[in-house]
Amino acid sequence: MSNTDTICALATAPGGALSIIRVSGTESYSAVLHILKDKPTAFLPNTVHYHQVVNVDGEMIDEVMVSSFRAPHSYTGEDSIEIACHGSTYIIRQILNLLVSNGCRMANPGEYTMRAYLNGKIDLSQAEAVADLIASTNRATHQMAMSQLRGVFSSELSTLREQLLKLTSLLELELDFSDHEDLEFADRKELMELAQTIESRIKSLAHSFETGQAIKQGIPVAIVGKTNVGKSTLLNRLLKDDRAIVSEIHGTTRDTIEDTIDINGITFRFIDTAGIRQTQDTIEQIGINRTYQAIEKASIILWLIDNNPSLEELREIQGHCEGKSLIIIQNKIDKEKTIHLSHIDLFSPPFITISAKYDTNIDALEKMIYQAANIPEIKENDIIVTNARHYEALMQAQGNIQRVIEGLSIELSGDLIAEDLRLVLSDLSEITGEGQITPQETLNNIFSHFCVGK
């Protein structure tokens, strides 16, 4: 379908008291004028007015507020109208039918954002941020999406592109004017320093993907321990809901139970596991095996104990938690049990005493869990990569810029290094959809920034 068509669609989720219908395209104003009772002669741009929508027989469908936007000052960069109507499915359907009968067509999924991209309002990374913003479930994911939507990531890539343009220009000078002895060029040391600066920033961006995925998907936390130490009670206390069955009977939890909570704007996925013990019960043993699988997948392990663990038990849990954050929790302190910490001190993991039953020290435990996640504070202009496509492009770019550095270190010919530079540019262009550096752009940069024979 043509991108010159005038399109319409419901822009808000159905079911609310109010809804917004968006119209975008060259015939937006004409289409909307035909369905209004008073038939205004024109819409002033960036204004909101009260109108009545009527059908072909002049019967009123709804009282609405009409907002008008003139190109290029709209989301899509086109002439656009937004109709705020009541949220009745009947009203919405009637208005959309009237718009279609007056020259509009129903928009395809994502077509408004696609038009915004095609009209230069946003780049590809910003277009993808729209979906992330809609899907954001906590403060951290919201901030990451807003940062990308505002173009902070795009601006960083633009800076890298400028640096690559400078590097390309220096190489072009070396290739095209090397026979002029009276001209001065940047030596390979300057080229190397610039390439290493670019490589360092690309590496930093790629490395942020691990943090981005943890925040976006939720940080997995496994609650493990022997049977009847209070794992399910702790899960319920953290979730502030009776999510897991609590019983004095050993082996009650026979499978993993998972739910999420928000701690300081970060989502944590808590997994209550089957108690670890020797058993002949086939079903319970399957649950215990899944406990070990949950430990493998988790980033943070909460090991609940209600008596003094042996040195062997400590070594076993440490073996399962290699590369993960372990917090040892003494539960049931309301029963005045005393746990000797001599073995625990040998391993020096974080340790806390709680009563899950009576909510004792749960707030302190939440702080420890948040600290164990080691998530940096996300500020307004921080760049955290969350998109797998962006990460793959950055990893490709990192490999190619490393080849540039290797080529410079062994005095490789400039034309071969330039080829790897073009690959870096191609990789970064995949993220934003921005074009590669053209020969004319390189020449313009040379004559703008470098003195070539004056």
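Residues numbered from 1 in each chain as written. Predicted model: local features only at pLDDT ≥ 70, side-chain atom pairs only at ≥ 80, totals over all residues. Heavy atoms only, no water.

Undergrad: Teacher, can you tell me more about the overall build of the chain here?
TA: Counting secondary structure elements, the chain contains 15 helices and 12 strands. Among the 454 residues that make up the chain, the fraction classed as buried is 47%. Of the contacts made within the chain by residues no fewer than 6 positions apart, 65% connect residues no fewer than 24 positions apart. (Helix = DSSP H or I, 4+ residues; strand = E, 2+ residues; numbered from the N terminus. Buried < 20%, exposed > 50% of the residue type's maximum accessible area, 1.4 Å probe, protein only. Contact = heavy atoms within 4.5 Å.)

Undergrad: Just to check I follow, could you spell out helix α2 (residues 89-101) for this structure?
TA: Residues lying three or four places apart along an α-helix face the same way, a consequence of the helix completing one turn every 3.6 residues. Helix length check: α2, at 13 residues, gives a terminal C-alpha distance of 18 Å against a target of 18 Å (1.5 Å per residue), a fit within 8%. Taken together, the buried positions of α2 are Ile91, Ile92, Ile95, Leu96, Leu98 and Leu99. What you see down the axis of α2 is that its buried residues fit within an arc of 160°, all on one side. The exposed set on the far side of α2, more than 90 degrees from its buried face, consists of Thr89 and Ser101. The N-terminus of α2 is capped by Ser88, whose side-chain oxygen sits 3.2 Å from the backbone nitrogen of Tyr90. Looking one or two residues beyond α2, the residue adopting positive phi is Gly103, at roughly 105°. (Expected span 1.5 Å × (residues − 1). Arc of directions from axis to C-beta. Polar contact = N/O pair within 3.5 Å; in protein donor to acceptor, adjacent residues only side chain to side chain.)

Undergrad: Help me understand the packing of helix α5 (residues 139-149) against helix α7 (residues 188-217), please; the structure alone is not making it clear to me.
TA: The axes of two packed helices give the description: the angle between them and the distance between them. Between α5 and α7, the least distance of the axes is 8 Å, while the angle of their chain directions is 125°. One way to sum up the angle between α5 and α7 is to call them oblique. Crossing hand, α5 versus α7: left-handed. Taking contact as the criterion, the partners of Ala140, Thr141 and Met144 in α5 are, on α7, Gly212, Ile215 and Lys216. (Axes fitted to C-alpha atoms, helices over the stretch in contact; angles between N-to-C directions. Parallel < 35°, antiparallel > 145°, perpendicular 65-115°, else oblique. Left-handed = near helix turned anticlockwise from the far one by under 90°.)

Undergrad: In this structure, what is going on with the confidence of the model for the chain? I would like to understand it.
TA: Low-pLDDT stretches of the model should not have their predicted coordinates read in fine detail. Per-residue confidence for the chain averages 82 on the pLDDT scale, and 81% of its residues sit at or above 70. Residue range residues 276-280 is modelled with pLDDT below 50. Its contacts to residues more than four positions away, or to other chains, number 13 contacts. The low-confidence segment residues 449-454 (pLDDT under 50) makes 10 contacts with residues lying over four places distant or belonging to another chain. (pLDDT = per-residue confidence, 0-100.)

Undergrad: How should the pattern of salt bridges be read in this particular structure?
TA: Close approach of charged atoms allows side chains with opposite charge to pair. For the structure shown, the criterion picks out 12 salt bridges. Arg115 is the salt-bridge partner of Glu111, the closest N and O atoms lying 3.4 Å from each other. In this pair, Glu111 and Arg115 are both assigned in helix α3 (residues 111-118), 4 residues apart and thus about one turn of the helix distant. For Lys216, the salt bridge identified is with Asp132, shortest N-O distance 3.2 Å. (Salt bridge = Lys/Arg side-chain N within 4 Å of Asp/Glu carboxyl O.)

Undergrad: I would appreciate a short explanation of the pairing of strand β3 (residues 47-54) in the present structure.
TA: Successive side chains on a regular strand alternate, one facing one side of the sheet and the next facing the other. Note that β3 and strand β4 (residues 60-69) share 8 bridges and pair antiparallel. Looking at the pairing, His49 lines up with Val66 of β4. Two successive antiparallel strands, β3 and β4, enclose a turn made up of 5 residues, where Gly58 displays a positive phi of approximately 85°. (Pairing = 2+ DSSP bridges.)

Undergrad: Whenever I open this one, a nonpolar patch on the surface confuses me. Can you help?
TA: Taken together, the side chains of Val48, Tyr50 and Met65 make up a nonpolar region of the molecular surface, amounting to roughly 290 Å² of accessible area. Here Tyr50 shows up in strand β3. (Patch = residues over 30% accessible without salt bridge, like charges linked within 9 Å, V, L, I, M, F, W, Y side chains within 5 Å. Areas by Shrake-Rupley, 256 points an atom, 1.4 Å probe, with all protein chains shown as cover.)

Undergrad: So what exactly am I meant to see when it comes to the side chain of Thr47 here?
TA: With respect to the helices and strands, the residue Thr47 is situated in strand β3. A polar contact is formed between the side chain of Thr47 and the backbone oxygen of Leu44, at a distance of 2.5 Å. If we ignore the near neighbours within four places in the chain, the residues touching Thr47 are Val66, Ser67 and Ser68.

Undergrad: What should I look at first to understand the sheet that holds β4 in this one?
TA: The pairing of strands in a sheet comes from backbone hydrogen bonds and takes either a parallel or an antiparallel form. Across the sheet, which stays open at both edges, the 6 strands sit in the order β3-β4-β5-β2-β1-β6 with mixed pairing between neighbours. Two strands bound the open sheet, and with one partner strand each, they are β3 and β6 (105-106). In terms of strand pairing, strand β2 (residues 18-24) meets strand β5 (residues 80-86) through 7 bridges, oriented antiparallel. Bridge pairing links Leu18 to His86 in β5. Contacting β1 (7-10), β2, β3, β4, β5 and β6, α2 crosses the sheet at an angle of about 150° to β5.

Undergrad: Help me understand the packing of aromatic side chains in this model?
TA: The geometry of an aromatic ring pair is captured by two quantities: the separation of the ring centres and the angle between the planes. Enumeration over the complete set of coordinates arrives at 3 aromatic pairs. With 4.3 Å between their ring centres and 15° between their planes, Phe209 and Tyr391 make a pair best called stacked. One end of the pair, Phe209, is in helix α7; the other, Tyr391, is in helix α13 (residues 388-409), with 182 residues separating them in the sequence. The buried category is assigned to Phe209, whose relative accessible area is 14%. For Tyr391, a relative accessible area of 27% corresponds to the partly exposed category. (Phe/Tyr/Trp six-rings, centres within 6.5 Å; stacked < 30°, edge-to-face > 60°.)

Undergrad: Honestly, the packing of α7 against α13 in this entry has me stumped. Any pointers?
TA: Between α7 and α13, the least distance of the axes is 9 Å, while the angle of their chain directions is 160°. Our classification of the angle between α7 and α13 gives roughly antiparallel. For α7 against α13, the interelement crossing comes out left-handed. Residues of the contact of α7 with α13, tallied by class, amount to 17 nonpolar, 5 polar and 3 charged. (Nonpolar A, V, L, I, M, F, W, Y, C, P; charged D, E, K, R; others polar.)

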